[in-house]
Amino acid sequence: MKFGVIGAGVTGLATALELSKTGHDVVIIERDQTPMPKTHDEAFDWDRRGAPQVRHSHALLGRLHNILRDNHPEVLKSLLDNGVTEINLVDHMPETLDDRQVLDEDINLRMLAARRTTFEWVLRNTVMSNPNVEIRTGLGVTGVKKSEAAIPKVTGLYFDRGLNEDFDCVIAANGRRSNAPEWLRDAGIEAPDEVVEDTGIIYYSRFYRLPDGIELPVGDRLVAGDLGYLKYGVFWGDNGTFSITFATSDTDKTFWGIKDVEMFESVVDAIPAAKEWISLGATPLTGVHSMAGLLNRKRTLKRDSEVVVDGFHMIGDALICTNPLYGRGCSTGFWQAHLLANAIRDHGADTTAQSESFLLSVEQNILPWYQASVDSDRGSRAASDGEDDDMTIMKRSILKDGLIPATRSSAKVWRGFMKMMNLLADPSILTEPEISSEIMKVWADRDQRGPEPSLGPTREEMMDHLKLTHVS
Ligand SMILES: Cc1cc2nc3c(=O)[nH]c(=O)nc-3n(C[C@H](O)[C@H](O)[C@H](O)COP(=O)(O)OP(=O)(O)OC[C@H]3O[C@@H](n4cnc5c(N)ncnc54)[C@H](O)[C@@H]3O)c2cc1C
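Since the structure is predicted, the reported quantities are computational estimates derived from the model, not experimental observations.

### Structural notes on the sheet that holds strand S22 (residues 320-321)
An order of S11-S18-S22 is seen for the 3 strands of this open sheet, with the pairing classed as antiparallel. At either end of the open sheet lies a strand with only one pairing partner, and these are strand S11 (195-198) and S22. Looking at chain direction, strand S18 (residues 295-298) and S22 are connected through 2 bridges and run antiparallel. Paired with Lys298 across the bridge in S22 is Ile320. Contacting S11, S18 and S22, helix H11 (residues 367-384) runs over the sheet at an angle of about 145 degrees to S18.

### Topic: the domain arrangement of the protein chain
Partitioning the protein chain into structural domains gives domain 1 (2-44 + 116-196 + 295-371) and domain 2 (201-291). Domain 1 and domain 2 are separated by 32 Å when their C-alpha centres are compared. With 4 residues of domain 1 at the contact, the number on the domain 2 side is 5 residues.

### Here we look at the environment of Leu97
With respect to the helices and strands, Leu97 occurs in the loop between strand S4 (85-88) and strand S5 (110-113). In this structure Leu97 comes out as partly exposed when scored by C-beta crowding, with 18 C-beta atoms within 10 Å. Placed 311 residues apart in sequence, Leu97 and Arg408 show a C-alpha to C-alpha distance of 5.6 Å. If we skip the residues at most four places from it in the chain, Leu97 touches Ser409, Ala411 and Trp414.

### Some words on H11
The terminal C-alpha atoms of H11, which comprises 18 residues, lie 26 Å apart, in line with the 26 Å expected from a rise of 1.5 Å per residue. Where H11 is concerned, the buried positions are Trp369, Tyr370, Ser373, Asp377 and Ser380. Down the axis, H11 shows its buried residues gathered within 105 degrees of arc, on one side only. Two residues or fewer after H11 comes Gly386, characterised by a positive phi angle close to 65 degrees.

### Some remarks on the nonpolar core
Counting 105 residues, the largest nonpolar core has Ala16, Leu60, Ala113, Val170, Ile171, Ala172 and Ile315 as the members making the most contacts within it. Counting only domains with at least three residues in this core, you end up with domain 1 (2-44 + 116-196 + 295-371) and domain 2 (201-291). Contacts of Ala172, omitting those with residues within four sequence positions, involve Ile6, Ser178, Ala180, Met314, Ile315 and Ala318. Counting 13 residues, the second largest nonpolar core, distinct from the first, contains Val413, Phe417, Met421 and Ile435.

### Points about the environment of Lys2
For Lys2, the position within the fold is in strand S1 (residues 2-6). Linking Lys2 and Val170, residues 168 residues apart in sequence, is a C-alpha distance of 8.8 Å.

### Focus: the site of the ligand
The immediate surroundings of the ligand are formed by 38 residues, with Gly9, Gly50, Gly175, Gly316 and Gly329 found nearest. Those elements that provide at least two residues to the shell around the ligand are helix H1 (10-21), strand S2 (25-30) and helix H9 (329-347). The residue makeup of the shell around the ligand, split by class, is 15 nonpolar, 17 polar and 6 charged.

### Some remarks on the pairing of strand S7 (residues 141-147)
In the sheet, S7 pairs with strand S8 (residues 153-159) via 6 bridges, with the strands oriented antiparallel. Bridge pairing in S8 places Ser147 opposite Lys153.

### Brief notes about the sheet that holds S8
Read across the open sheet, the 3 strands follow the order S7-S8-S9; overall the sheet is antiparallel. Edge positions in the sheet fall to S7 and strand S9 (164-166), since each has one partner strand and no second. On average, each strand axis in the sheet is tilted by 30 degrees relative to the strand beside it, whichever way the strands run.

Each value, and the rule that gives it
Residues numbered from 1 in each chain as written. Predicted model: local features only at pLDDT ≥ 70, side-chain atom pairs only at ≥ 80, totals over all residues. Pairing = 2+ DSSP bridges. Helix = DSSP H or I, 4+ residues; strand = E, 2+ residues; numbered from the N terminus. Contact = placed C-beta atoms within 7 Å. Axes fitted to C-alpha atoms, helices over the stretch in contact; angles between N-to-C directions. Domains from an automatic or database assignment. Buried ≥ 20, exposed ≤ 12 C-beta atoms within 10 Å, placed from the backbone. Expected span 1.5 Å × (residues − 1). Arc of directions from axis to C-beta. Core = buried A, V, L, I, M, F, W, Y, C linked by C-beta atoms within 7 Å. Near = placed C-beta within 6 Å. Nonpolar A, V, L, I, M, F, W, Y, C, P; charged D, E, K, R; others polar.

Written out as structure tokens, the structure reads:
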């Protein structure tokens, strides 16, 4: 079959990788003018206005690592050959765990650390080595062609400059700003309404490189924290690079000045875990990039359990996107590509059965993560708006004084939490009796144990540090 894949982000490339390996012809259409640079460092300067999030830190989770290891070892090898860092979480097991024995299943607890552009550059290099794949960059899709049938069928694409082309099947992997539902509507195909929930955050990231010969620090903690008014993360990258990301409320303007380099560095200076990395002699590679308008959104192409369109799939962020704080988008995008390729393999030219099968697997595998993001964001928003009810106060207390400390003391909780964070176990794993009982034991002991170690300054301390005026 001949597939048209819209978008050469992680999901579009992953889809092309999967489909081309099973003998299909794939044409990738990418609106950004991105000729292939010679090195990953040149790719860092790519003009990726169609995917501006590439300027931000990206965690690449265990699920993505495992899909590559099991299905695309040549991509994993090329990533490692090109300086991508493989993080074996067992190396970061807290010293204080009740059992530090490494289990066979821990082989799966591996993440990748890379600049998003390095990851994309390696993936694109590998995908383009398959002669079944063609890429057209600097060309935007503007609409879909369709033929009438009991279920309307997409038969091709319209591009800018008045061009068009026929395809046996079209896959829209064109990201969180995808206007695929409008293309369908213009062609007379009405997709069900999407569900959108704001994340309530603004993102700020800056990239750095360590001097030659200085290793990225390996400790028994991965560096991230939630100070309530500010969330932060320090991310390993590839080839001696790393990045620091802060997230603030998108309604409380107090800390919006973080988008200026001076204030960004002042905040870094006040957070020991971030300062530690900078003080290794890091050189900034970028200014501070900020990004707002971050949504949780789910779409579907099924109404009342019937698919509404044939020969057309939406995938990756175009179908489901979640709060970037949880670092799941590239992994769920790649995972969706894998699920779609399985549906296509299992159902051949029966495009309706393909869609049914793919959408069902998305409901089973991906939607629980959408729901987990939405639930977690609602909890954070209720806290910051002072609209907590007893249930959310209790949940937060169990998280802060039960789950988090239990990941440092109980091997079962540490392992369950790492599997969950890496999309290797369903979010409900933490409510399984043998894990939740450990969490509740630690929570019950909270008053005897005393306060948790500080992750950084309080809001008032940070305001004093930044010389911001307190408004009562
Ligand atoms: C601030 C931020 C931080 C993030 N951090 C993480 C993280 O730590 N870990 C993680 O896994 N995920 C993270 N994500 C999410 C991740 O970036 C996305 O989930 C991922 O990029 C989705 O990939 P995609 O291929 O579906 O879409 P995209 O990467 O957005 O790619 C879509 C592509 O389609 C192209 N396109 C759009 N319209 C057209 C058109 N009409 N014609 C042709 N081409 C078109 C665009 O130019 C773009 O290249 C983050 C997101 C944000 C916003």
